Amino acid sequence: MNAPEKYSPLVRWPAKVNEIPKEVFFREDVYQLELENIFYGPEWHPVAHTGELPNKGDFKTINVGERPILVVRGDDGDIRTFYNACAHRGNLLETRVSGNAVEFECPYHRWLFDLRGELRGAPGDDDFSPSYRKEDFGLPAIRSAEFMGLIFVTCSDETPELDEYLGRVKDALAITFNGDGRLKLLGYQKVLYDVNWKAYVDNDGYHAPLLHAAFKLLDWQGGKGEQYSTKNGHIGFESELKVPKDTGFLKDPTLLQFKGTASSKGSAIASTFPITVITKHMDMINIRFAFPRGVGQTEVHYGYYCHEDDDDEMVQHRIRQSSNMLGPTGLVSMEDASIFHRIHVGNHTPGNVTFQKGVKHEDRIWYDFKQNDEAGNLPRWEHYRQSLGFNREEA
Amino acid sequence: MSNLSIEILSALDNAQNGYINSLDTKNMDGWLANYTTDGSYICIAAENEANNLPIALMLDDCYARLQDRVTYVTKVWAGTFEDYQTRHFTQRIGAEAVGNDTYKVITNYHILFTPEQGQTNVLVTGHYQDEIVLGDTALFKSKKAVMDTNVSPRYIVYPV
Ligand code: FES
Ligand SMILES: [Fe+2]
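K.L.:
Even after reading the chapter, I still don't get the overall build of chain B, so can you show me in this structure?
P.N.:
Each helix and strand in chain B was counted, giving four helices and seven strands. Each helix and strand of chain B, ordered N terminal to C terminal, gives the series α-α-β-α-β-α-β-β-β-β-β. Against the 2.2 N^0.38 benchmark of 15 Å for 160 residues, chain B shows a C-alpha radius of gyration of 15 Å, consistent with a compact globule. For chain B, the proportion of its 160 residues judged to be buried stands at 50%. Sequence separation of 24 or more characterises 59% of the internal contacts of chain B that already satisfy a separation of 6 or more. Surface summary for chain B: the accessible area is close to 6900 Å², and the carbon and sulfur share equals 48%. Considering chain B, the positive charge centre built from 11 side chains and the negative charge centre built from 19 side chains are found 3 Å apart.

Pasting the structure below:
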């Protein structure tokens with residue numbers, strides 16, 4: 001029997017590098033392949049910043065793809081990462097999103113794990129299988145690595161070392177983390193967008209200046225800057241800091257002040273493959289932990305931070321700015337959020353999405369871009385296409 | 001349990017009804033008119049509130065910020081978002097006098113939203129912590145909307 005064409009595992013990938021087939025935004029079979037090859041494949045995924053887990057016993061739960069992850073600071077001060085599933089029958093071990101624990105007990109059959117993930121006790125184990133040994137049943141660990149306090153995990157043994165993996169985008173990351181990554185958590189804004197994860201990330205780091213009336217009303221031109229991509233799909237933006245002028249448009253212009261020191265100047269965006277966007281704009285330090293909730297939804301946790309050396313005034317300023325400028329209710333980003341929904345609906349039509357601004361070549365990929373070029377997304381799409389094994393059509 | 005008179009409780013409820021009606025009719029100037037000139041508005045996720053994390057979704061800690069929120073909705077964002085109709089449902093669950101004609105009031109809220117295509121869903125649910133001043137007109141000296149909905153189902157344009 002011939003399967004209907006829409007269930008074909010093959011995606012017709014257009015010959016031009018600036019065209020993306022819309023079917024990848026809604027096909028369930030493509031999504032399953034993405035989970036396998038990308039989210040559980042040889043990629044690193046940010047899951048926490050050490051500033052979120054300052055004390056021994058602090059933990060956080062989050063997803064990589066659809067896999068639940070537990071990040072814990074142990075009694076020895078080390079941060080470890082596990083699958084958030086009991087080593088016995090796989091029950092979700094910790095249901096809270098964050099907190100402080102002295103141990104983790106699974107309520108189902110009362111297996112007890114310590115903060116290092118070791119199994120401490122399992123009631124009735126004299127009756128367990130002949131080969132059962134307590135030391136074999138610690139929490140399932142997941143490989144992790146750290147860059148300036150940002151903790152990444154990968155489900156694959158084949159993922160290159162983190163340093164090599166991040167490549168040049170480390171420069172943009174270092175700016176976003178104030179040069180050293182000594183951050184403290186200020187809080188989260190969390191939202192579930194009705195959008196496929198790829199359309200979310202296509203439209204998040206990259207900025208469409210025409211969309212935002214605030215820039216015009218505040219006479220706020222972006223500073224000079226550059227955009228670059230890596231072969232494995234990361235994007236970095238670095239630009240000089242430009243503070244909006246006080247045009248009298250806002251009654252409270254203090255919100256738009258820059259209070260950072262000279263050394264912390266500069267705006268940066270680091271977008272790491274597949275889905276994480278990390279930014280520093282003015283005095284806002286923002287990590288957007290994100291994961292797909294099925295093919296049609298993306299959950300984003302906007303984490304905001306201050307620096308350990310900030311005085312009280314600076315902390316208060318960061319809180320005000322972060323709470324009113326970015327995220328799903330932010331002055332300069334609510335519009336981005338509303339675009340996500342519309343793009344996802346629009347992508348259910350036939351044909352290809354086309355990138356135009358800054359597209360210098362149609363037959364090959366390049367890696368340096370102007371600041372507002374939408375073409376900066378193309379190396380990520382190329383890495384995506386190769387990760388899924390889709391062949392490009394002949395020109 | 002509140003030992004306030006029926007007249008006072010009724011005045012407090014009228015203030016809350018006026019507030020939610022201004023939002024459900026998208027009347028942002030009317031929303032601003034609910035506040036005293038030293039008023040403040042905060043909308044924050046319960047998760048942050050419980051963990052002493054100060055980041056809010058909306059943080060209007062002075063009257064100028066309240067005025068700017070009117071500008072955000074009516075001037076900056078106008079025409080860029082897919083509009084939606086809200087319906088706020090509230091229930092007062094506690095009220096106490098704190099002096100100077102001022103009352104602390106706790107009120108549960110439940111907000112449904114209906115975008116232009118017409119399917120209705122829950123936007124957020126939570127509770128208000130308010131300070132209401134009963135003078136010639138009842139006004140909010142402060143309003144804090146704590147959202148149980150830590151993960152909101154979309155962008156939020158109008159105050160909660
Ligand atoms: S599933 Fe956790 S103890 Fe049995
Ligand atoms: Fe934007």
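K.L.:
Mind showing me how you'd approach the pairing of strand β17 (residues 284–292) of chain A here?
P.N.:
Residues and elements named next belong to chain A. Here β17 lies mainly inside the structure; nine of its nine residues are buried. Judged by which residues are buried, β17 turns out to be covered on both faces: Met284, Asn286, Arg288, Ala290 and Pro292 on one side and Ile285, Ile287, Phe289 and Phe291 on the other are all buried. Where strand β16 (residues 276–281) and β17 come together, five bridges link them in antiparallel fashion. From the neighbouring strand, isoleucine 278 faces β17, where its bridge partner is isoleucine 287.

K.L.:
Looking at this model, I keep getting lost on the sheet that holds strand β3 (residues 58–64) of chain A. Mind explaining?
P.N.:
Hydrogen bonds along the backbone pair up the strands of a sheet, which may run parallel or antiparallel. Residues and elements named next belong to chain A. As summarised here, the arrangement of the four strands in space is β5-β4-β3-β6, forming an open sheet in which the pairing is antiparallel. Of all the strands in the sheet, just β5 (79–83) and β6 (98–100) have a single pairing partner and so form its edges. In this sheet, adjacent strand axes meet at a mean angle of 25° when their direction is disregarded.

K.L.:
For this particular structure, what's the right way to read the interface of chain B and chain A?
P.N.:
A common way to express how large an interface is: the accessible area buried when the components associate. With 33 residues of chain B at the interface, the matching set in chain A holds 36 residues. For the pair chain B and chain A, the summed buried surface comes to about 3100 Å²; carbon and sulfur atoms form 61% of the total. Three residues, B:Ile55, B:Val76 and B:Tyr155, lead the burial of chain B against chain A; their summed loss comes to 20% of the area buried on that side. One can count two salt bridges joining chain B with chain A. Its salt-bridge partner being B:Glu47, residue A:Lys190 comes within 3.0 Å of it at the nearest N-O pair. At the boundary of chain B with chain A, the tally comes to 18 residue pairs in polar contact (both at pLDDT 80 or more). Counting residues per element, the ones that place at least two in the side of chain B that touches chain A are α3 (46–50), β2 (58–60), α4 (63–76) and β7 (151–152) of chain B. If one sorts the elements of the side of chain B that touches chain A by residue count, α4(B) sits on top with eight residues. The residue makeup of the side of chain B that touches chain A, split by class, is 18 nonpolar, seven polar and eight charged. Pairing between strand β12 (residues 183–193) of chain A and β7(B): two bridges, direction parallel.

K.L.:
Mind showing me how you'd approach empty space enclosed by the protein here?
P.N.:
Taking a probe equal in size to a water molecule and rolling it over the atoms shows the remaining empty space. All names here are of chain A. A complete count under the given rule lists six cavities of 30 Å³ or more for this structure. Lining the largest cavity are 14 residues; nearest its centre among them are His45, Pro46, Asn63, Ile275 and Ala290. Of all the secondary structure elements, the ones that give two or more residues to the lining of the largest cavity are β2 (45–49), β3 and β17. Shared between two domains, the lining of the largest cavity holds at least three residues of each, these being domain 1 (45–147) and domain 2 (167–386).

K.L.:
What is the right way to read the domain arrangement of chain A from this model?
P.N.:
All names here are of chain A. When its domains are assigned, chain A resolves into domain 1 (45–147) and domain 2 (167–386). Taken residue by residue, the interface counts 14 residues in domain 1 and 21 residues in domain 2. When domain 1 packs against domain 2, the two sides together hide about 1300 Å² of surface, and 66% of this comes from carbon and sulfur. The largest per-residue losses of area from domain 1 upon contact with domain 2 belong to Pro46, His49 and Phe147, which jointly make up 41% of the total buried on that side. Counting the contacts that link domain 1 with domain 2 gives zero salt bridges. Where domain 1 touches domain 2, the interface holds three residue pairs in polar contact (both at pLDDT 80 or more). Residue assignment for the side of domain 1 that touches domain 2 shows that the elements contributing at least two residues are β2 and β3. Element by element, the count of residues in the side of domain 1 that touches domain 2 is highest for β2, at five residues. For the side of domain 1 that touches domain 2, the per-class residue count stands at six nonpolar, five polar and three charged.

K.L.:
I tried to follow the environment of A:Gly327 on my own but got confused; where do I start?
P.N.:
Residues and elements named next belong to chain A. By secondary structure assignment, the location of glycine 327 is in the loop between α6 (312–325) and α7 (334–346). The buried category is assigned to glycine 327, whose relative accessible area is 1%. For the pair glycine 327 and tyrosine 302, spaced 25 residues apart in sequence, the C-alpha separation works out to 6.7 Å. What glycine 327 contacts, discounting residues up to four positions off in sequence, is Gln189, Tyr302, Tyr304, Ser333 and Met334.

K.L.:
Explain the packing of helix α1 (residues 28–39) of chain A against helix α8 (residues 378–388) of chain A to me, please; I cannot follow it from the model alone.
P.N.:
Relative orientation and spacing of two packed helices are given, respectively, by the angle between their axes and the distance between those axes. All names here are of chain A. For the pair α1 and α8, the least separation of the axes is 9 Å and the interaxial angle reads 95°. Judged by the angle between their axes, α1 and α8 are roughly perpendicular. Between α1 and α8, the residues in contact are Val30, Leu33, Glu34, Asn37 and Ile38 and Tyr384, Ser387 and Leu388, respectively. Considering only residue class, the contact of α1 with α8 consists of five nonpolar, two polar and one charged.

Each value, and the rule that gives it
Residues numbered from 1 in each chain as written. Chains lettered and ligands numbered in written order. Predicted model: local features only at pLDDT ≥ 70, side-chain atom pairs only at ≥ 80, totals over all residues. Heavy atoms only, no water. Helix = DSSP H or I, 4+ residues; strand = E, 2+ residues; numbered from the N terminus. Rg over C-alpha atoms; globule rule 2.2 N^0.38 Å. Buried < 20%, exposed > 50% of the residue type's maximum accessible area, 1.4 Å probe, protein only. Contact = heavy atoms within 4.5 Å. Areas by Shrake-Rupley, 256 points an atom, 1.4 Å probe, with all protein chains shown as cover. Lys, Arg positive; Asp, Glu negative; His and termini not counted. Charge placed at Lys NZ, Arg CZ, Asp CG, Glu CD. Pairing = 2+ DSSP bridges. Axes fitted to C-alpha atoms, helices over the stretch in contact; angles between N-to-C directions. Buried area = accessible area lost by both parts, 1.4 Å probe. Salt bridge = Lys/Arg side-chain N within 4 Å of Asp/Glu carboxyl O. Polar contact = N/O pair within 3.5 Å; in protein donor to acceptor, adjacent residues only side chain to side chain. Nonpolar A, V, L, I, M, F, W, Y, C, P; charged D, E, K, R; others polar. 1 Å grid on protein atoms, 1.4 Å probe; cavity = no way out; pocket = protein on both sides within 12 Å on 5 of 7 lines; lining within 4 Å. Points joined across faces, edges and corners; volume = space filled by probe spheres on them. Domains from an automatic or database assignment. Parallel < 35°, antiparallel > 145°, perpendicular 65-115°, else oblique.

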